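A structural walkthrough
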Amino acid sequence: MLYKLLLFAHVVSAVAATGPLFAIFPLLSRMKKAPEAEALSYVNALQGVLRAVAHGGHYVVPTGLMLIHFSGWSWGSSWLIVTYIAMTASLYFMASAFKPARNFAKSADFSKYTYIHMVKVATWKYTALMCFFIWLMTSKPNFW
Ligand code: HEM
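Source: prediction; values computed, not measured.

**Things to note about the UniProt feature "transmembrane region" (unreviewed entry) in the protein**
This chain's UniProt record puts "transmembrane region" (unreviewed entry) on residues 6–28, 73–94 and 115–137. Helix and strand shares over residues 73–94 are 77% and 0% respectively, and the end C-alpha atoms of the span are 28 Å apart. Helix makes up 100% of residues 115–137 and strand makes up 0%, while its end C-alpha atoms are separated by 33 Å.

**A few points about the layout of surface pockets**
If you add up the space inside the largest pocket, you get close to 1100 Å³. Surrounding the largest pocket, 42 residues form its lining, Gly57, Val60, Val61, Met87 and Met130 being those nearest its centre. Of all the secondary-structure elements, those providing two or more residues to the lining of the largest pocket are helix H1 (2–18), helix H3 (39–70), helix H4 (78–106) and helix H5 (112–139). The biggest single contributor to the lining of the largest pocket is H3, with 13 residues. For the lining of the largest pocket, the per-class residue count stands at 28 nonpolar, 10 polar and 4 charged.

**Some remarks on the coordination of the iron atom of the ligand**
Under ideal tetrahedral coordination, the four donors around a metal are separated by 109.5 degrees; under ideal octahedral coordination, the six donors are separated by 90 or 180 degrees. Coordination sphere of the iron atom of the ligand, protein contribution only: His10 (NE2) and Met137 (SD), at 2.0 to 2.3 Å. Classification of the site at the iron atom of the ligand rests on its 6 donor atoms, whose angles at the metal span 86 to 180°, yielding the label octahedral. Of this pair, His10 sits in helix H1 while Met137 sits in helix H5; the two residues are 127 residues apart in sequence, bridging distant segments of the chain. Residue classification places His10 among the buried positions, given a relative accessible area of 12%. Looking at Met137, the relative accessible area reads 26%, which means it is partly exposed.

Analysis parameters
Residues numbered from 1 in each chain as written. Predicted model: local features only at pLDDT ≥ 70, side-chain atom pairs only at ≥ 80, totals over all residues. Heavy atoms only, no water. UniProt positions renumbered as here; feature names shortened; annotations may be inferred. Helix = DSSP H or I, 4+ residues; strand = E, 2+ residues; numbered from the N terminus. 1 Å grid on protein atoms, 1.4 Å probe; cavity = no way out; pocket = protein on both sides within 12 Å on 5 of 7 lines; lining within 4 Å. Points joined across faces, edges and corners; volume = space filled by probe spheres on them. Nonpolar A, V, L, I, M, F, W, Y, C, P; charged D, E, K, R; others polar. Donors = N, O, S within 2.8 Å, 3.2 Å for Na, K, Ca; no water. Tetrahedral: all angles 85-135°; square planar, octahedral: opposite > 155°, others 65-115°. Buried < 20%, exposed > 50% of the residue type's maximum accessible area, 1.4 Å probe, protein only.

Listed below in structure tokens is the structure:
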């Protein structure tokens, strides 16, 4: 029962860490058409979405570690080792992919179209990373 609750919490956090990403694309296309003066409010809305994604991500790791503890999975299973590596890489990725866009939004040479491009590329990369995690979690591949 506890295990099922933990798994539920883990999957809900994964949904929270992935779902809001899909709000980014319609926001970006509206931003493209919006007058220049409204750009900043779109930047703020996008930062809010990214915060929601980051909060979801904060619960994925502790619930995942607890699942390992309470499940029959060994800490050294190959799919879990790949998960630890990918998770560490994704923390660096989150910082390096979205931070430049955030700093650019605050900079004097802000340009709406460059900003939209930066956020779009980062979002696709992050979506691909989340798909990789979901594949790891659902197929639990035996890498070696
Ligand atoms: C340090 C990071 C993570 C660890 C240690 C971890 C660990 C685990 C473990 C042990 C399970 C239970 C497997 C089972 O007994 O069936 C699980 C299930 C799951 N995890 Fe993770 N996880 C992590 C990150 C993630 C991420 C980033 C996502 C998605 C974006 C995710 C999505 C899922 C899903 C959807 C399941 C259910 C799979 C199933 O029941 O077949 N996890 N995870």
